[in-house]
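Summary of the model geometry
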Amino acid sequence: MRRIWRWVITTGSTVGAASAVFGLGRLFPAWDDGWVQTATGLAAAVVAAPLCVWAGKAKSVAGKKSVTGPATWSIPILPNPEFVGREVVLDTLSARFSESAGVAVQTVQGMGGIGKTQLVAHYAHTNRAKYRIVWWIPAEDPTLIGARFAQLAVALHLARSSDDLTTSVTRVLGHLNATSGWLLIFDNAVSPSDLRSWLPSGAGHILITSRTGAWNHLGATTELREMPRGESVELVRRRHPALSRADANRLAEGLGDLPLALIQAAGFMQTSGTPVAVYLQLVEKYAGEVMHHGPVGDHDGTLTASVTMSMRQLAAGDAASLRLLQVAASLGPEPIPLTWLAGRRGSSGERPLEAELEIRASVSTFVELGLATSTNGGIQFHRLTRAVITDAIDPDVLVSVRDEARELLSSQRPASTDDSASWGQWARLIPHLLVTDPADSHDPETRRTACDATRYLLKSGQIDAGHHLATTLHEAWRVRLGEEDVDTLRAAQQLGHALRIRGEYRQAQEMDLDTANRRRRILGFDHPDSLWAASNLAVDWRQLGEYQKAEQVDQDTYDRRRRVLGESHPDTLSSASNLAVDWRQLGEHERASQLDRHTLDLRKRILGESHPDTLDSENNLAIDLLELGQPEQALAIGQDTLRRRRAILGENHPDTLWTASNVALAWRRLGEHQRARRLNEDTLHRRRRILGHDHPDTLRSASHLGVDLRNLGEYERSRELTEDTLRRRRRVLSPDHPDTLRSEKNLAIVQGRLLG
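Residues numbered from 1 in each chain as written. Predicted model: local features only at pLDDT ≥ 70, side-chain atom pairs only at ≥ 80, totals over all residues. Heavy atoms only, no water.

Things to note about the sheet that holds strand E1 (residues 72-74)
Sheet architecture is open: six strands sit in the order E1-E3-E4-E5-E2-E6, paired in parallel fashion. Of all the strands in the sheet, just E1 and strand E6 (220-223) have a single pairing partner and so form its edges. Each strand of the sheet is rotated relative to its neighbour by a mean of 20°, with strand direction disregarded. Direction of pairing for strand E2 (residues 104-109) relative to strand E5 (residues 203-210): parallel, over a ladder of six bridges. Across the sheet, Gln 106 pairs through a bridge with Leu 207, a residue of E5. Packing against the sheet, helix H4 (residues 116-126) makes contact with E1, E2, strand E3 (133-138), strand E4 (180-189) and E5, and its axis sits at approximately 155° to E5. Across the sheet, helix H5 (residues 145-155) is in contact with E1, E3 and E4; its angle to E3 comes to roughly 155°. (Pairing = 2+ DSSP bridges. Helix = DSSP H or I, 4+ residues; strand = E, 2+ residues; numbered from the N terminus. Axes fitted to C-alpha atoms, helices over the stretch in contact; angles between N-to-C directions. Contact = heavy atoms within 4.5 Å.)

Dropping the structure here:
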């Protein structure tokens, strides 16, 4: 009976103390909720600790051993039943702590909203049985850390609440230095220097969360990244059970798997009934406002609030760094090399930010504030963080910020679009360029960069992307700048190129003829742009089967380029190569071979052995040799070219497939019909997948395979494939196109074989 009364008195006193502090918190709304929770727990602990000694301490009312965890506990975040995933990170934290005999320090680093605080709180709750002391220390403001240690000293009965701070801190650090079985969590720390004097040396564990990444010298660091997609989907569906898995996946993809954003979105959508598609549209248009709404659970605030606070801190310390942040965030969510930012010109009235040291200092601040993450040689913004930053820019300022971002990208424009050695640079540049909407730019350099980007896409085999960009640029500039503006005509040239690669020869010819006529009238016949337009028009004529017209235009262009640009200029060599193709189509194989050899020698010397144009000349020479009755030499050159094109351009690039088709033809001429068949089957499969069933190149592969099947005695399959090819060629090319007539001849041959 006496033990029961002791328990009643202990419980009543503890609840009374906690209720008193909680009540004060309600009377003073300015008090932070997290502080009230902590103070409430502390009051309960302070009252309960001495009474528990009197009541029997380690024994429960029933006399059983307690399994509730540490005697001293202060975690302001309740266990989260909706916590999802992160098993690998949690297991890593546990394993590292288990391996350490002395003090072990680990840091969980990541951008704001990534889930660092939730992760370490979950670790504390799931591992509470391992510790005698678990104590949470908000560390964003270093001046308040001492007060939290003093509170721990009171909870451990090492000091009274009336003792001075120095005495309390000295006693509690001394206690921790001499004991084990404790866990300290420093949440949202800014700098290692802020914590160095607060880290005990006893056999305990220390967890730090931070947005910055300079913690390795204190202990192991784990970078927390976006959630894996499966975990993101599960998190969304736990918060919004009515959402289908497909919709949850769409939401996770649209929000970049950022946990805080997913929690906000799921809560907002559930309470408001907003569909996923509508929500994502709202995010795209009004990211800052949308990310300010939605329940955040135990998170400190919304994503917008977090980003806005960091931007205010940045603006208060350095206006130039804020401008750099705005410019960088106006680029894409892909990595941004520091070399780009170092070359940025400071805008009027600002101090220049060209020095790399200054740039690195500014970027370091971005990372410290959780606005960006550090990458190998650069920085990267999460797509939502980036959207919130740009959404917060004043509309009048945003215009100049976007112009500055475009100028930055134009300053990084690679020198060449055709050389594969520069394609890696283009691949890094284009995602950022497209985000800045170059079609809307008033800057000639930006418009030129956009046209060059289109050509790179087409030359590197990204046909659909190149066609889309060329169409977008041409339509926008034709309306805004006029039909005969220099940039409109540049876009028209690239659009004609795109149409031709897509096999839309008649549309390409109409576009290129119009461009050539305008340029000749405005610039004259000998201007390099006019000569490019003429060269493209000749290619169109050739693809349409008008070989005489193509030869006349190519000969004129070649002569003009030799006179204006010189014999060895790359544009002149391009005309020479085209002219040789015309001669080959007209049956002048020896003449074509001589010009191709001459062009190949010059290209090797001027452009290099591995330049795509050099490989094109080698491919052409192999075709010449085949037509001249030298299949062995043609095969040797063709196989070497195919190997290098696969290595440089990739197996599915249209030029690679063109060479593969020619190598198969060489095998056939050598009587190796099975080898020819296998290579043509592979090429046909790839062309159908990449170019489509009706593309003229695809039909060429189908025609070649039909011949291989005929040579192998598979007459019925050959007839079916040849009939299908003929039907498509009549529709796509024309009934009287040379390729169509060739299919008619092949069909007649195989039908004759079937009749015996």
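Quick notes on the pairing of E5
Among the eight residues in E5, seven count as buried, and that is most of the element. Taken together, the six bridges between E4 and E5 define a ladder with parallel strand orientation. Bridge pairing links Phe 186 to Ile 208 in E5. (Buried < 20%, exposed > 50% of the residue type's maximum accessible area, 1.4 Å probe, protein only.)

Concerning the pattern of salt bridges
Within the structure shown, the criterion is met by 55 salt bridges. A salt bridge links Glu 504 to Arg 502, with the shortest nitrogen-to-oxygen separation between them at 2.9 Å. Note that Arg 560 is salt-bridged to Asp 556, the shortest N-O span being 2.8 Å. Taken as a pair, Arg 560 and Asp 556 lie in helix H24 (residues 547-564) at a separation of four residues, close to a single helical turn. Of the residues examined, Asp 556 reaches a relative accessible area of 33% and is grouped as partly exposed. Salt bridges sharing common partners tie together Lys 604, Glu 618, Asp 640, Arg 643 and Arg 644. (Salt bridge = Lys/Arg side-chain N within 4 Å of Asp/Glu carboxyl O.)

A word on the packing of aromatic side chains
A full pass over the atoms with the stated rule returns five aromatic pairs. On the basis of an interplanar angle of 55° and a centroid distance of 5.9 Å, the ring pair of Phe 97 and Tyr 123 is categorised as tilted. Taken together, the residues span a long stretch of sequence, with Phe 97 in helix H3 (residues 87-99) and Tyr 123 in helix H4 at a distance of 26 residues. Overall, Tyr 123 belongs to the buried group, its relative accessible area being 1%. With centroids separated by 5.4 Å and ring planes inclined at 15°, the aromatic side chains of Phe 149 and Trp 198 adopt a geometry described as stacked. With a gap of 49 residues between them, Phe 149 in helix H5 and Trp 198 in the loop between helix H7 (192-195) and E5 connect regions that are remote in the sequence. Trp 198 matches Phe 149 in its accessibility class, with the two residues each being buried. Directly above the ring of Trp 541 sits Lys 549, whose terminal nitrogen or CZ lies 4.3 Å from the centroid. Lying over the aromatic face of Trp 583, Arg 591 brings its terminal NZ or CZ to 3.7 Å of the ring centre. (Phe/Tyr/Trp six-rings, centres within 6.5 Å; stacked < 30°, edge-to-face > 60°. Lys NZ or Arg CZ within 6 Å of the ring centre and 35° of its normal.)

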